[in-house]
Structures are given as C-alpha cells and as structure tokens.
Amino acid sequence: MAKETIKIVDFLTVCDIVKSLTRMSDGVKFSINDCGLTVYAKNDFSKCELTSNALVSENQVDFCIGDLAMFMKILTTVKDLYGSEGYSGVKLSYDKPFVRIESKKFKTKLSTVDEERIQNFIGTKVKHELTPQLELTTSSDKIRSINSHSFIFSDTSSARIYLVTEDDMQNNTVFAKIGNESNDLANSVTLELGMLNSGSFGDRKVILDFGRLNILNMVPSDEIHVELAKEFPVLVSKVRKTEQNGTFFNVNIYSFMMVK
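Visitor: Residues and numbers for the pattern of salt bridges, please.
Guide: Evaluation of the coordinates by the stated rule reveals 7 salt bridges. With a closest N to O distance of 3.3 Å, Arg 100 and Asp 95 form a salt bridge. By relative accessible area, Asp 95 is classed as partly exposed at 21%. Notably, a salt bridge pairs Arg 144 with Asp 141, separated by 2.7 Å at the nearest N-O pair. Linking Arg 144 with Asp 141, this pair stays in helix H3 (residues 140-147), spanning 3 residues, or about one helical turn.

Dropping the structure here:
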C-alpha cells in the first residue's frame, strides 16, 4: 500500500476529537475520505457517531489506533511545540502499518492495529429513527458535580443514578438521585441535573450508573441537550460544533439505560 497523505484542516479540532473519543473507548477506527472523517465507536454501555471535516484525504484511508490515550499525548506534544504559531507545517500520513506525524520540529511514527484487535470498540451507524419522549438541558459542570458525590457509596459499582422530577422540589427541573432502590439501607443524594425542556418520564424508570451519565459529557459544554428516546431505553445527546474557519465536528452520543 502506498503512503497516503491526510490533510489536516484544523489541528486543534483534531485534538478535541481524539480527546473526546478517549472518553468512549481505548481504541478507534478512523475512516477518512474527501468528505472528511467518520468514526463509529462504542463501549459496553454506549456508542457514538462522529463526523468532521477537520481531516480529509483524496483517497479512502482506514486505520485503527489501539491506544487512543497514547495518541492524544503525541498530539498534545505537537500542540505544545507549536502553540500560537499555527499548525500549517504539521503533516499527517498513513504508511501502513504506521501513522506518521511530521514537521520541522517533530517527527513520529505510531503503529496501528488490525481491526480485529479493537472489534469491541467499533460501532455501527444507528439506522432507527428515534423520537424524544423527554428533552432536557444539562452542562458539564452539573454532570461533574453529580459525579463528585460518588463518595456516598463505598462501592460505586452498586450506586445507581435515577433521573426524576420531584413534586416537592424545583419545577421544570430534572434531578439525579444517587442511591440504590434495591437496598433500603443505602445512602442517597438528589441533585439538579438540568432543565426540563419538554415531555415527561411518564411511567418509565431511567436508571444509569456513573459511566452512563459521564458519557453524556464526552464533549464538554455549558449546554448539553439530552433526549429520552420513546422507542428504546437510551438517552441521546447530539453535539454540533463549528469553528470560524468552517471546520465542523458533529457527534451523536447514545447512552443505554440500565434495567432495574
């Protein structure tokens, strides 16, 4: 296979993409063509669909990174080296089995892995039409605040997070109740998750754990829009980011609820 050049349209957006993906899985398959980048990633309880024009290639290029955290550290090194200088001198290419990042200041080659090695992290596009039963708006700060209260459980794996509205608390608000309804002696704390925009839970139980809640913060933001799908036990968050230079970065995040 010949060496394929991948054009970096916006290096900082690429950094944001990889940093976000590290919250989803350890490994990822990157698919790049003349339209841009596509990633379908998953873990045991969630999945995402990501598209961006921050990377483009004349020819179809597919490669798998088995250690995203290491890849992110390499990108951070480049970011620290160039800072405010701009990244026009940074070149990216795929020379199987290596991804190469090269510039006047820095040069590296990173081994890719076979797709079979990270099969558990490769997702597929969601083909079902999902309609919202309920919509709410939260934020990274609120999700982090809820997460910081994991201390009320000595074993956080037994903690459950119930999304509820409370008649004796603020109106038009969705709360996260940390506890375990199957254990009458378990501690609990109820905190605001966000604003209820429309709909209601009805008779549905929305049960998460900390991992399922935190994946909604995959792309940190002051406004995270979350929908409860009517058709499946899943929370959906759609992130749309566009830079001034026209570079975009879109992610659909699906967090699958726990059964009681």
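Visitor: Any details on unusual backbone geometry? Residues and values, ideally.
Guide: Backbone torsion omega between Lys 96 and Pro 97 reads 10°, so that peptide bond is classified as cis. Summarising the element assignment, Pro 97 is placed in the loop between strand S7 (91-95) and strand S8 (98-102). If you check the backbone angles, Asn 172 has positive phi at about 55° while not being a glycine. Relative to the assigned elements, Asn 172 resides in the loop between strand S11 (160-164) and strand S12 (173-179).

Visitor: So what's going on with the packing of aromatic side chains? Which residues, and what values?
Guide: For any pair of aromatic rings, geometry is given as the distance between the ring centres together with the angle between the planes. Scanning the entire structure with this criterion turns up 5 aromatic pairs. Where Tyr 82 meets Tyr 87, the ring centres are 6.1 Å apart and the plane angle is 45°; that geometry is what we call tilted. With respect to burial, Tyr 82 and Tyr 87 carry one shared label: buried. A connected cluster of aromatic rings, assembled from ring pairs, spans Phe 30, Phe 63, Phe 71 and Tyr 94. Here the guanidinium or amino end of Lys 105 rests over the ring plane of Tyr 82, the centre of that ring lying 5.0 Å away. The residue whose ring lies beneath Lys 109 is Phe 98, and the NZ or CZ to ring-centre distance is 4.4 Å.

Visitor: Please provide a residue-by-residue account of the nonpolar core, values included.
Guide: Grouped together as the largest cluster of nonpolar side chains are 43 residues, with contacts concentrated most on Leu 21, Phe 30, Phe 63, Phe 71 and Val 251. Ranked by the residues each element gives to this core, the list is headed by helix H2 (residues 68-82), at 7 residues. In this structure, Ile 152, Ala 159, Leu 163 and Ile 224 belong to the second largest nonpolar core, which totals 26 residues.

Visitor: Which residues make up the side chain of Ser 20, and what values do they have?
Guide: Counting through the fold element by element, Ser 20 comes out in helix H1 (residues 11-22). Accessibility expressed as a relative area gives 3% for Ser 20, which makes it buried. Here the side chain of Ser 20 touches Asp 16 through a polar contact of 2.9 Å, landing on its backbone oxygen. Side-chain polar atoms of Ser 20 contact the backbone oxygen of Met 218, separated by 3.4 Å. Residue contacts for Ser 20: discarding those within four places in its chain leaves Met 218, Val 219 and Phe 249.

Rules behind the numbers
- Residues numbered from 1 in each chain as written.
- Predicted model: local features only at pLDDT ≥ 70, side-chain atom pairs only at ≥ 80, totals over all residues.
- Heavy atoms only, no water.
- Salt bridge = Lys/Arg side-chain N within 4 Å of Asp/Glu carboxyl O.
- Buried < 20%, exposed > 50% of the residue type's maximum accessible area, 1.4 Å probe, protein only.
- Helix = DSSP H or I, 4+ residues; strand = E, 2+ residues; numbered from the N terminus.
- Phe/Tyr/Trp six-rings, centres within 6.5 Å; stacked < 30°, edge-to-face > 60°.
- Lys NZ or Arg CZ within 6 Å of the ring centre and 35° of its normal.
- Core = buried A, V, L, I, M, F, W, Y, C linked by side-chain atoms within 4.5 Å.
- Polar contact = N/O pair within 3.5 Å; in protein donor to acceptor, adjacent residues only side chain to side chain.
- Contact = heavy atoms within 4.5 Å.

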